[in-house]
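Given next are the chains, with one letter for each unit.
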Amino acid sequence: MAVTLTEAAARHVTRYMAKRGKGVGVRLGVKTTGCSGLAYKLEYAEFAPEDTIFEGHGVKVIIDPKSLPYIDGTELDFVREGLNEGFKFHNPREKD
């Protein structure tokens, strides 16, 4: 099992956490959305005892046990496209 992040994502998370002044990593998970299925959720967070923690490029990615089966193998990236920027999720388990 693994969740990874690109260098661009790690740089963005590191800068944001330094500006914010707290947090030990980024929490990646899924939440139920209406009748259409699941959506990603991303927040800066602390650890909980039941969490699984992956680390890449000096950044901790925190995953709760219920989300892990859905996002195992996911790569978190941060991209800029024109005036837009944001996180992209490359998940081999995603169907739509």
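Quick summary incoming for the structure in this document. Being a predicted model, the structure only gives us computed values, none of them experimental.

Basis of the calculations
- Residues numbered from 1 in each chain as written.
- Predicted model: local features only at pLDDT ≥ 70, side-chain atom pairs only at ≥ 80, totals over all residues.
- Heavy atoms only, no water.
- Pairing = 2+ DSSP bridges.
- Helix = DSSP H or I, 4+ residues; strand = E, 2+ residues; numbered from the N terminus.
- Patch = residues over 30% accessible without salt bridge, like charges linked within 9 Å, V, L, I, M, F, W, Y side chains within 5 Å.
- Areas by Shrake-Rupley, 256 points an atom, 1.4 Å probe, with all protein chains shown as cover.
- Salt bridge = Lys/Arg side-chain N within 4 Å of Asp/Glu carboxyl O.
- Buried < 20%, exposed > 50% of the residue type's maximum accessible area, 1.4 Å probe, protein only.
- Lys, Arg positive; Asp, Glu negative; His and termini not counted.
- Polar contact = N/O pair within 3.5 Å; in protein donor to acceptor, adjacent residues only side chain to side chain.
- Contact = heavy atoms within 4.5 Å.
- Axes fitted to C-alpha atoms, helices over the stretch in contact; angles between N-to-C directions.

Some details on the pairing of strand β7 (residues 84-90)
So, point 1. As judged from the seven bridges shared by strand β6 (residues 75-81) and β7, these two strands associate in the antiparallel manner. Paired with D77 across the strands is K88, a residue of β7.
So, point 2. Between the end of β6 and the start of β7, which pair antiparallel, lie two residues, with G82 showing a positive phi angle near 65°.

Remarks on a nonpolar patch on the surface
So, point 1. Together, V24, F47 and I53 make up an exposed nonpolar region whose accessible area comes to about 220 Å².
So, point 2. Within the secondary structure, I53 sits in strand β4 (residues 52-56).

Digging into the side chain of D64
So, point 1. In this structure, D64 sits in the loop between β5 (59-63) and α2 (68-71).
So, point 2. One buried charged residue, D64, forms no salt bridge at all, with the nearest opposite charge on K41 at 4.8 Å.
So, point 3. Among the polar contacts made by the side chain of D64, one reaches the side chain of S67 at a distance of 2.8 Å.
So, point 4. With residues near it in sequence (within four places) discarded, D64 still touches R27, L28, G29 and D51.

Quick word on the environment of G56
So, point 1. With respect to the element layout, G56 can be found in strand β4.
So, point 2. Considered as a pair, G56 and T6 are 50 residues apart in the sequence and their alpha carbons are 7.8 Å apart.
So, point 3. The residues contacting G56, other than those within four sequence positions of it, are L5 and A10.

Let's talk about the sheet that holds strand β2 (residues 25-33)
Pairing between the strands of a sheet is mediated by backbone hydrogen bonds and can be parallel or antiparallel.
So, point 1. Taken together, four strands build an open sheet; the order of strands is β3-β2-β5-β4 and the sheet is mixed. Edge positions in the open sheet fall to β3 (37-45) and β4, since each of these has one partner strand only. For this sheet, the mean inter-axis angle between neighbouring strands, taken without regard to orientation, is 25°.
So, point 2. One ladder, built from three bridges, connects β2 with β5; its direction is parallel. The partner of G25 across the bridge, within β5, is K60.
So, point 3. Set on the sheet, helix α1 (residues 7-20) makes contact with β2, β3, β4 and β5; between it and β3 the angle comes to about 50°.

Overview of unusual backbone geometry
So, point 1. The phi dihedral of H57 is positive, around 55°, even though this residue is not glycine.
So, point 2. For H57, the position within the fold is in the loop between β4 and β5.

A short note on the pattern of salt bridges
So, point 1. Under the definition given, this model contains six salt bridges.
So, point 2. With a closest N to O distance of 3.5 Å, K60 and E55 form a salt bridge.
So, point 3. Judged by its relative accessible area of 54%, E55 falls in the exposed class.
So, point 4. The residue E81 makes a salt bridge to K88 at a minimum N-O spacing of 3.5 Å.
So, point 5. Using a relative accessible area of 33% as the deciding quantity, one classes K88 as partly exposed.
So, point 6. Each of R27, E43 and D51 takes part in a single network of salt bridges with overlapping partners.

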